[in-house]
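Listed below are the residues making up each chain.
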Amino acid sequence: MFIIRKILGSIILFFSWVFTPKGVDRESEAQAEINKQTEKLKLYQFQACPFCIKVRRAMKRMSLNIETRDAMNNAEYRDELGRDGGAIKVPCLRIEDDKGKYTWMYESSDIIQYLQSQFG
Ligand SMILES: N[C@@H](CCC(=O)N[C@@H](CS)C(=O)NCC(=O)O)C(=O)O
């Protein structure tokens, strides 16, 4: 089972790489402003998870530079996700508000909808 998942994950990653979406082009000032806003966002994810790939492709289409955190191989990020997010399930977007409070958003479709509402 592990091997099959590994192979399927690699195939999905390969096709996602071949068909990498083109990002939106912005004026450098507008992009810099968006980069500043996306510093408050962190995407907890697994590299070959199809739902995470879906979110990363949406980020690419919107040219969002959001830090990704590997919750499979990095024990610190995995612990944070389980402890503070509530479940070790990916993708999960950690959103920091102006007061430094975090909201943990699960579900790929909800994350994409949120990003589109903010930056789309
Ligand atoms: N409906 C969820 C599915 C997410 C999902 O199943 N993620 C898997 C990795 S591909 C996961 O985190 N599995 C661990 C678990 O459910 O405990 C979404 O669209 O985000």
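Per chain, residue numbering runs from 1 following the sequence as it is written. Given that the model is predicted, a residue must reach a pLDDT of at least 70 before its local features are reported, and side-chain atom pairs must reach 80 or more before they are shown or counted; all residues, however, enter totals for whole chains, interfaces and linings. To get the side-chain values, all heavy atoms of the structure are used, and hydrogens and water are removed first.

Peer 1: Quick question: what am I supposed to make of the nonpolar core here?
Peer 2: What tends to happen in soluble globular proteins is that the nonpolar side chains get buried as a cluster. Side-chain atoms within 4.5 Å are what join buried Ala, Val, Leu, Ile, Met, Phe, Trp, Tyr and Cys residues into a set we call a nonpolar core. Remark: exposure states derive from per-residue accessible area (1.4 Å probe, protein chains only) relative to the maximum for the residue type, with buried under 20%, exposed over 50%, and partly exposed in between. With 17 residues, the main nonpolar core has Leu41, Leu64, Ile66, Leu93 and Leu115 as its most contacted residues. For the purposes of this entry, the term helix denotes a DSSP run of H or I that reaches at least four residues, the term strand denotes a run of E that reaches at least two, and both are numbered from the N terminus. Those elements that place two or more of their residues in this core are β1 (41-45), α3 (50-61), β3 (92-96) and α5 (108-119). Per element, the largest residue contribution to this core is five residues, and it comes from α5. By size, the runner-up hydrophobic cluster in this structure holds eleven residues, among which are Phe46, Tyr77, Val90 and Cys92.

Peer 1: Please clarify how the layout of surface pockets should be interpreted in this entry.
Peer 2: Empty space among the atoms becomes visible once a probe the size of a water molecule is rolled across them. In this analysis a 1.4 Å probe is tested at points of a 1 Å grid over the protein atoms alone, and where it fits but cannot get out there is a cavity; an open set with protein on both sides within 12 Å along at least five of seven lines is a pocket; lining residues have an atom within 4 Å of a point. Grid points are joined across faces, edges and corners, and a volume is the space filled by probe spheres set on the points. Within this model, the largest pocket holds a volume of roughly 540 Å³. The wall of the largest pocket is formed by 17 residues, among which Arg5, Phe46, Ala48, Cys49 and Met72 lie closest to the centre. Where the lining of the largest pocket is concerned, the elements lending two or more residues are α1 (2-18) and α3. A total of eight residues in the lining of the largest pocket trace back to one element, the largest contributor, which is α1. Nonpolar residues are Ala, Val, Leu, Ile, Met, Phe, Trp, Tyr, Cys and Pro. Charged residues are Asp, Glu, Lys and Arg, and all others, Gly as well, are polar. Taken together, the residues of the lining of the largest pocket break down into eleven nonpolar, four polar and two charged. Lining the second largest pocket are Leu13, Ser16, Trp17, Thr20, Pro21, Ile53, Arg56, Arg57, Met59 and Lys60. Only α1 and α3 provide two or more residues apiece to the lining of the second largest pocket. No other element matches α3, which puts five residues into the lining of the second largest pocket. Grouping the amino acids of the lining of the second largest pocket by side-chain chemistry returns five nonpolar, two polar and three charged.

Peer 1: Please explain the packing of α3 against α5 as it appears in this structure.
Peer 2: Relative orientation and spacing of two packed helices are given, respectively, by the angle between their axes and the distance between those axes. Across the interface, α3 lies against α5 with an axial gap of 9 Å and an inter-helix angle of 10°. As summarised for this structure, α3 and α5 are arranged roughly parallel, according to the angle between their axes. Packed against α3, whose contacting residues are Phe51, Lys54, Val55, Ala58 and Met59, the element α5 presents Ser108, Ser109, Ile111, Ile112 and Leu115 at the interface. Considering only residue class, the contact of α3 with α5 consists of seven nonpolar, two polar and one charged. The angle between two axes is taken between their N-to-C directions and runs from 0 to 180 degrees, where each axis is a line fitted to C-alpha atoms and a helix contributes only its stretch in contact. Orientation categories follow fixed angle ranges, with anything under 35 degrees roughly parallel, anything over 145 roughly antiparallel, 65 to 115 roughly perpendicular, and all other angles oblique. Contacts between residues were defined by any pair of non-hydrogen atoms, one from each residue, lying within 4.5 Å.

Peer 1: Explain α5 to me, please; I cannot follow it from the model alone.
Peer 2: Quick reminder: α-helices carry 3.6 residues per turn. Residues three or four places apart thus point the same way. Expected span, for any helix, means 1.5 Å times one less than how many residues it has. The end-to-end C-alpha separation of α5 is 16 Å, in line with the 16 Å expected for twelve residues at 1.5 Å each. Within α5, the full set of buried residues consists of Ser108, Ile111, Ile112, Tyr114, Leu115 and Phe119. Angularly, the buried residues of α5 cover 160° about the axis, an arc narrow enough to put them on a single face. In α5, those exposed residues whose orientation departs by more than 90 degrees from the buried face are Gln113 and Ser117. Relevant arc is that of directions from the helix axis to the C-beta atoms, nothing else.

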